[in-house]
Amino acid sequence: MHPAPANAYLRRMKDLSALMQQAQAMQQKLQDAQAKMAETTAEGTSGGGMVTVALKGPGEITAVRIDDSLMVPGEGEILADLIVAAHADAKRKLDAVNAELMREAAGPMAGLNIPGMPKLF
C-alpha cells in the first residue's frame, strides 16, 4: 500500500469525526432551543388593547383579558372577533420568536434540507 491512500483515508476519517461532532453539537443546540420554545411567551392585543391573549410554548393560551366595557349583552360576536384577532396577533409574535430561536440554534445549517433531519422552519 502506498502512504498517500492511507493518509487520505485518515484525513477522511478525521473529517467524518469532525462532522459527527458538529452534528451532535447542533442536535444539542436544537434541543436547547426547543426547551426555550416551550417556555416562550407572547401577548397579542386587539380592539386598541381592549382584548389581550397570552400564549406560551407552541401556542397554548395561558390568559385572556377582556375590558369590562366589552361585556355587553348582544355583543358576543364582536367580542369573539376581538379574541380571535388578539390570538392571531399573539401567535404571529410567538412564531417569530420561536423561528428566531431555531435559526440561532441551527446556525449555518439554517434552511438546509438535510435528509433525515427535521425541517427547522
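In this report, the structure presented in the accompanying data block is examined.

Definitions and limits used
- Per chain, residues are indexed from 1 in the order of the written sequence.
- Per-residue local features are limited, in this predicted model, to residues with pLDDT of at least 70; the limit for side-chain atom pairs, both in listing and counting, is 80 or more; totals at the level of whole chains, interfaces and linings are taken over all residues.
- The side-chain numbers reported here are obtained from all heavy atoms of the structure, hydrogens and water having been left aside.
- Accessible area is worked out with a 1.4 Å probe on protein chains only. A residue is then buried under 20% of its type maximum, exposed over 50%, and partly exposed in between.
- In this text, helices come from DSSP runs of H or I with a minimum length of four residues, and strands from runs of E with a minimum of two, each type numbered from the N-terminal end.
- Strands are labelled as partners when DSSP assigns at least two bridges between them.
- Two joining distances apply to patches: 9 Å for like charges and 5 Å for nonpolar side chains (Val, Leu, Ile, Met, Phe, Trp, Tyr), and every residue must have over 30% relative accessible area and no salt bridge.
- Using the Shrake-Rupley algorithm and a 1.4 Å probe, accessible areas are obtained, with residue cover drawn only from the displayed protein chains.
- Note on definitions: salt bridges are taken to be side-chain nitrogens of Lys or Arg within 4 Å of carboxyl oxygens of Asp or Glu.
- Think of a nonpolar core as a cluster: buried Ala, Val, Leu, Ile, Met, Phe, Trp, Tyr and Cys residues, connected wherever their side-chain atoms sit within 4.5 Å.
- Throughout, a contact is declared for two residues whenever any of their heavy atoms are within 4.5 Å.

## Some words on the pairing of strand β2 (residues 51–56)
One face of the sheet, then the other: side chains in a regular strand alternate in exactly this way.
Okay, step 1: Burial within β2 is extensive, with five of its six residues counted as buried.
Okay, step 2: Pairing of strand β1 (residues 41–46) with β2 involves six bridges; the strand directions are antiparallel. Across the sheet, S46 pairs through a bridge with V51, a residue of β2.
Okay, step 3: Linkage of β1 to β2, two consecutive antiparallel strands, is achieved through a turn of four residues, within which G47 is found at a positive phi near 60°.
Okay, step 4: Counting the residues in the hairpin turn of β2 and strand β3 (residues 60–66) gives three residues, including G57, whose phi is positive at 60°.

## A word on a nonpolar patch on the surface
Okay, step 1: A surface patch of nonpolar side chains, about 600 Å² in accessible area, is lined by Y9, L10, M13, L16, L19 and M20.
Okay, step 2: Mapping Y9 onto the fold places it in helix α1 (residues 3–39).
Okay, step 3: Y9 gets classed as partly exposed once you look at its relative accessible area, which sits at 45%.

## Comments concerning the nonpolar core
Okay, step 1: Counting 10 residues, the largest nonpolar core consists of A42, V51, V53, L55, L70, L79, L82, A86, A90 and L94.
Okay, step 2: Elements with a minimum of two residues in this core: β2 and α2 (76–106).
Okay, step 3: A total of five residues in this core trace back to one element, the largest contributor, which is α2.
Okay, step 4: Those residues in contact with V53 that lie beyond four places of it in its chain are A42, E43, G44, I61, A63, V64, I83, A86, H87 and A90.
Okay, step 5: Residues M26, L30, A33 and M102 belong to the second largest nonpolar core, which totals five residues.

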